[in-house]
Amino acid sequence: MNEVCFKNLKKDQCWSLKIYEASGGYSSWRKILKGELTPEQIIDELKLSGLRGRGGAGFPTGLKWSFMPRHSDGQKYVVCNSDEGEPGTCKDRDILRFNPHAVIEGMAIGGFVMNASVGYNYIRGEFMEPFKRFESALEEAYKAGLLGQNINNSSINFDLYTHLGAGAYICGEETALLESIEGKKGQPRFKPPFPANVGLFGKPTTINNTESFASVPEILRCGGQWFADIGVENSGGCKLFSVSGHVTNPANFEVPMGISFKDLLEMAGGMRDGAKLKAVIPGGSSTPVLTAEIVMNMTMDYDGIEKAGSMLGAGSVIVMNESTCMVEVLTRLAHFYYDESCGQCTPCREGTGWLYRVLKRIIDGNGRQGDIDLLLSVQNKIMGNTICALGDAAAMPVESFLRNFREEFEYYIKYRKSMVKG
């Protein structure tokens, strides 16, 4: 199997510079330092590869890098989003833990392409082990002369810093992340202007996900077409999927894009204790839930999951068996988004509170006739009416849970108990 981010996972001290270089690590960066690769060549390879943002948005990486006004004067920045606060997602912390040099090399390459001499890796505050591992790798890279000013007399400058966040989900939104790095409250900015023009400290900035940056060195080493051929049309390469929930072996799996959900479930050991599959959230808690009947015929790629009625998101696959009460699951998700709303936008600040309180009322046995319609009305008023996507992230699960499992909510309201648990 073709692996990119986890190709050295089974090797002892896989996170070390020695192991990374032994498998071809920093070879693309050294070519750049020798003048053997141009920014245009790199962007062409990334476009050919079909690499799309691995943090959730899925925007083509090569195209995004080409937006940076690299020939303009002044400071520019590259930023890695390692905040990873989406419930169900646990892949980026493992990249930082087991393959930090791929992120460093990918960011350095991005800095060269976009003429940005400074980079920041924004790491979620709870990730102390990944943070320490990345800091050690950064120290190794500097000692090896791979970062800094006038690297290897190449006239290329690139300094990379780690910024430890405070554990706010909203800082996974790229402009809130920039605000946080600047020492401000983590709240999203109005767009436009977009970060490519006015980003960190008011300067042109490009932000990518950890997995996106970590994929770049191997793409350049093996070729864009090689990466594209691993996946399927419109979904190039391989992808890390975090499989959790009622499976026998929950874990991160690096698999080709386009693999069937059936095969991915089998890799995770199938359903725990032989239970029957009931539902799957395929891309993280903010993506619409799907029924077992739908997912068993679904492929794990952007188009395949969209066709099934959800989104690939960050690749966070939450598996639920027949004993799961969907009313309880949605209530828990609603509480998360209510708690994590930054409060800047009224529809999100007030709407997430309404969603949670109505669901909590149902769970407490005080549900009312009309609560389902009220939930749908509130989520509809949130969708598309906020500065960032957190409002949509809170609203989308509500619509999909009520559409696919409405009878459970109706039962809970009528009989004041769970249809599943009795």
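Note that the coordinates shown come from a computational prediction; the quantities given were computed from them, not determined experimentally. (Residues numbered from 1 in each chain as written. Predicted model: local features only at pLDDT ≥ 70, side-chain atom pairs only at ≥ 80, totals over all residues. Heavy atoms only, no water.)

Caption draft 1: Seen up close, the environment of Pro288. Within the secondary structure layout, Pro288 lies in the loop between β7 (277-281) and β8 (290-291). Taking the relative accessible area as the measure of exposure, Pro288 reaches 9% and is therefore buried. Sequence separation between Pro288 and Asp339 is 51 residues, and the spatial gap between their C-alpha atoms is 20 Å. Contacts of Pro288, omitting those with residues within four sequence positions, involve Val280, Pro282, Gly309, Ser310, Met311, Met396 and Ser400. (Helix = DSSP H or I, 4+ residues; strand = E, 2+ residues; numbered from the N terminus. Buried < 20%, exposed > 50% of the residue type's maximum accessible area, 1.4 Å probe, protein only. Contact = heavy atoms within 4.5 Å.)

Caption draft 2: Seen up close, the domain arrangement of the chain. By domain assignment, the chain separates into domain 1 (17-230), domain 2 (238-321) and domain 3 (326-415). Taken together, the contacts link 11 residues of domain 2 with 12 residues of domain 3. Both faces combined, the contact of domain 2 with domain 3 buries some 980 Å², and carbon together with sulfur accounts for 70% of it. Inspection of the region where domain 2 meets domain 3 yields 1 salt bridge. Of the charged contacts, one joins Lys278 and Glu408 as a salt bridge, the two residues approaching to 2.5 Å between their closest N and O atoms. For the interface between domain 2 and domain 3, the tally reads 5 residue pairs in polar contact (both at pLDDT 80 or more). Those elements that provide at least two residues to the side of domain 2 that touches domain 3 are β7 and β8. The element that contributes the greatest number of residues to the side of domain 2 that touches domain 3 is β7, accounting for 3 residues. Residue composition of the side of domain 2 that touches domain 3, grouped by class: 7 nonpolar, 3 polar and 1 charged. (Domains from an automatic or database assignment. Buried area = accessible area lost by both parts, 1.4 Å probe. Salt bridge = Lys/Arg side-chain N within 4 Å of Asp/Glu carboxyl O. Polar contact = N/O pair within 3.5 Å; in protein donor to acceptor, adjacent residues only side chain to side chain. Nonpolar A, V, L, I, M, F, W, Y, C, P; charged D, E, K, R; others polar.)

Caption draft 3: Just the sheet that holds strand β5 (residues 238-245), in detail. Judged by pairing direction, the sheet is mixed, and its 5 strands sit side by side in the order β6-β5-β9-β7-β8 without closing on themselves. With one partner strand each, in any of the chains shown, β6 (251-256) and β8 form the two edges of the open sheet. (Pairing = 2+ DSSP bridges.)

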